[in-house]
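# Remarks on the overall topology
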Amino acid sequence: MLRTVSRGAAVAALGVALPLTLAAVPAGAAPVAAHRSSGPAAGAVRTDPNGRHDATDIRRFLTAFYGYHGPSDWAREHQVSDYLRDRAAQTEGYDLLLCAQNTPREISIGKVTTAQSAGVGWATVTTIWDGGDRGSFTAYVGLDSKPIELQDVDCAP
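Residues numbered from 1 in each chain as written. Predicted model: local features only at pLDDT ≥ 70, side-chain atom pairs only at ≥ 80, totals over all residues. Heavy atoms only, no water.

## So, the sheet that holds strand 4 (residues 150–154)
The four strands lie next to each other as 1-2-3-4, forming an open sheet whose pairing is antiparallel. Strand pairing shows two members of the sheet lacking a second neighbour, strand 1 (106–115) and strand 4, which therefore form its edges. Here the strands of the sheet are splayed against their neighbours by 25 degrees on average, with no regard to which way each runs. Pairing of strand 3 (residues 134–142) with strand 4, which is carried by four bridges, proceeds in the antiparallel orientation. The partner of Val141 across the bridge, within strand 4, is Leu150. Packed on one face of the sheet, helix 3 (residues 55–66) meets strand 1, strand 2 (120–128), strand 3 and strand 4 and runs near 155 degrees to strand 1. (Pairing = 2+ DSSP bridges. Helix = DSSP H or I, 4+ residues; strand = E, 2+ residues; numbered from the N terminus. Axes fitted to C-alpha atoms, helices over the stretch in contact; angles between N-to-C directions. Contact = heavy atoms within 4.5 Å.)

See below:
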């Protein structure tokens, strides 16, 4: 049987329930919504059923890793696979992680694609140089890498 409740009765019920709910929250506690995008719990929530990194994780990582002008010394040491770090060490006079010889004026990260069966995600990294010239390369991130790290780059256009 369908019941209808008048607007006045619904407002009255809400007026009683809301103060009771708020009374249960400790004084000085911040609303839950204020913490959704920050803190360790936000990073622990996984949307992939296998606990792998997803496109959002990879975009966030690549954006932070490359920043505006390229990876920091710390990122180069701690957020790059051993394989890629060894390859980069063998390229004298050339920054393999940027596929360039100089520091770009700006860097942007394109759309991220993931291949679950291959266990890898990638995105096009675009570098913008003084004078407006642009370059691009592909950066690869392992979906299972813990912690997340840059696995490889492909400098071919």
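## A look at the nonpolar core
Leu62, Phe65, Tyr66, Leu150 and Val153 are the most contacted members of the largest nonpolar core, which totals 26 residues. Of all the elements in the fold, those that place two or more residues in this core are helix 3, strand 1, strand 2, strand 3 and strand 4. When residues in this core are grouped by element, the largest group, five residues, is from helix 3. Those residues within four positions of Phe65 in sequence are excluded, and the remaining contacts are Gly70, Pro71, Ser72, Ala75, Arg76, Gln79, Val80, Leu97 and Leu150. (Core = buried A, V, L, I, M, F, W, Y, C linked by side-chain atoms within 4.5 Å. Buried < 20%, exposed > 50% of the residue type's maximum accessible area, 1.4 Å probe, protein only.)

## Focus: the pairing of strand 1
By the bridge criterion, eight bridges tie strand 1 to strand 2 in an arrangement that is antiparallel. For Ile107, the partnering residue across the bridge sits in strand 2 and is Thr127. If you look at the hairpin formed by strand 1 and strand 2, you'll find four residues sitting between the two strands, and Gly119 has a positive phi there, around 70 degrees.

## Some thoughts on the pairing of strand 2
Strand 2 sits mainly inside the fold: seven of its nine residues count as buried. Across nine bridges, strand 2 lies against strand 3 in antiparallel orientation. Within strand 3, the position partnered with Ile128 by the bridge is Arg134. What sits between the antiparallel neighbours strand 2 and strand 3 is a turn of five residues, in which Gly131 has the positive phi angle 90 degrees.

## Re the pattern of salt bridges
For the structure shown, the criterion picks out five salt bridges. Residue Arg76 pairs with Asp95 through a salt bridge whose shortest N-O separation is 2.6 Å. Residue Arg76 is found in helix 4 (residues 73–78), and its partner Asp95 is found in the loop between helix 5 (82–89) and strand 1; the two are separated by 19 residues along the sequence. Arg76 gets classed as partly exposed once you look at its relative accessible area, which sits at 23%. Look at Asp95 and you get buried, because its relative accessible area is 19%. Across the salt bridge formed by Asp82 and Arg85, the nearest N and O atoms sit 2.8 Å from each other. With Asp82 and Arg85 both in helix 5 and three residues apart, the pair spans about one turn of that helix. Residue classification places Asp82 among the exposed residues on the basis of a relative accessible area of 54%. (Salt bridge = Lys/Arg side-chain N within 4 Å of Asp/Glu carboxyl O.)

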